[in-house]
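Read off the chains here:
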Amino acid sequence: MMLKQTGFTLIELMIVVAIIGLLSAISIPAYQNFTIRSRISEALIFAGMDKVTVGENISLNNAINSGSCSGVHIVAVASSTANILSSSCDALTGTLVYNTTVKAGSITLRLQPTLDITGSVTWDCLVDTAANNKFVPSECRI
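Residues numbered from 1 in each chain as written. Predicted model: local features only at pLDDT ≥ 70, side-chain atom pairs only at ≥ 80, totals over all residues. Heavy atoms only, no water.

J.: Sorry, what's going on with the overall build of the protein chain here?
T.: When helices and strands are tallied, the protein chain shows 1 helix and 4 strands. When the elements of the protein chain are put in sequence order from the N terminus, they spell out α-β-β-β-β. In terms of overall size, the protein chain is more extended than a compact globule, its C-alpha atoms giving a radius of gyration of 24 Å where 142 residues would be expected to give roughly 14 Å. Principal axes of the C-alpha set define a box for the protein chain whose edges measure 95 × 35 × 20 Å. In the protein chain, buried positions account for 29% of the 142 residues. Expressed as a percentage of contacts within the protein chain between residues at least 6 apart in sequence, the contacts between residues at least 24 apart total 39%. For the protein chain, the exposed area adds up to about 9,200 Å²; of that, 65% sits on carbon and sulfur atoms. Separation between the mean location of the 8 positive side-chain charges and that of the 9 negative ones in the protein chain comes to 14 Å. (Helix = DSSP H or I, 4+ residues; strand = E, 2+ residues; numbered from the N terminus. Rg over C-alpha atoms; globule rule 2.2 N^0.38 Å. Buried < 20%, exposed > 50% of the residue type's maximum accessible area, 1.4 Å probe, protein only. Contact = heavy atoms within 4.5 Å. Areas by Shrake-Rupley, 256 points an atom, 1.4 Å probe, with all protein chains shown as cover. Lys, Arg positive; Asp, Glu negative; His and termini not counted. Charge placed at Lys NZ, Arg CZ, Asp CG, Glu CD.)

J.: Honestly, the environment of threonine 95 in this entry has me stumped. Any pointers?
T.: In this structure, threonine 95 sits in the loop between β1 (84-89) and β2 (96-100). Overall, threonine 95 belongs to the buried group, its relative accessible area being 10%. For the pair threonine 95 and cysteine 125, spaced 30 residues apart in the sequence, the C-alpha separation amounts to 9.7 Å. In this structure threonine 95 touches Ser88, Cys89, Asp90, Arg110, Leu111, Gln112 and Pro113, once residues within four positions along its chain are discounted.

J.: Can you help me understand the state of the cysteines in this one?
T.: Here is the idea: a disulfide is a covalent bond, and it sits between the sulfur atoms of two cysteines. For the structure on display, the rule yields 2 disulfides. Here cysteine 69 connects covalently by a disulfide to cysteine 89, the sulfurs 1.9 Å from one another. Measuring the twist about the S-S bond at about -70°, one finds the cysteine 69-cysteine 89 disulfide to be left-handed. Of this pair, cysteine 69 sits in the loop between α1 (10-61) and β1 while cysteine 89 sits in strand β1, placing them 20 residues apart in sequence. We note that cysteine 69, like cysteine 89, is buried. (Disulfide = S-S within 2.5 Å.)

J.: Help me understand the side chain of serine 86, please; the structure alone is not making it clear to me.
T.: Its place among the elements puts serine 86 in strand β1. If sequence neighbours within four positions are ignored, serine 86 has contacts with Val75, Val77, Val97, Tyr98 and Asn99.

J.: Help me out: how do you make sense of the packing of aromatic side chains in this one?
T.: Aromatic ring pairs are reported here in terms of the distance separating the ring centres and the angle at which the planes meet. Enumeration over the complete set of coordinates arrives at 1 aromatic pair. Taken together, a centroid distance of 6.3 Å and an interplanar angle of 85° make the contact between phenylalanine 46 and tyrosine 98 edge-to-face. In this pair, phenylalanine 46 sits in helix α1 while tyrosine 98 sits in strand β2, placing the two residues 52 residues apart along the sequence. For the residue pair phenylalanine 46 and tyrosine 98, the accessibility class agrees, reading buried in each case. (Phe/Tyr/Trp six-rings, centres within 6.5 Å; stacked < 30°, edge-to-face > 60°.)

The structure is reproduced here in structure tokens:
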């Protein structure tokens, strides 16, 4: 009488464990990058309110001047949020600067307004270093 072997062999189980380890080694860093990207997106959404305020001030004055930052909500380090460590507005250029927390990658975003000939305000978004390009939207990459 012959006994039929059932179940998995040790080598088969080791192959499955190796495949799972390889997949997790790839997916965990990708998930961490995705988490930082979502936190940066939240900071850019927060910046949208300030962009409207600065844009209105520039349009009303028909120039980028010391009144460009009037009414902008500034976040101080003492009142930081989960993703935004601080924010500021340069009174001379109207540039909005957002510093994110460690959980959001400690990235500095600069949103700079430009007034064109037609009176329209356009925005340029820049990140602090090229190494952080993978965390920001394509329009903010350098």
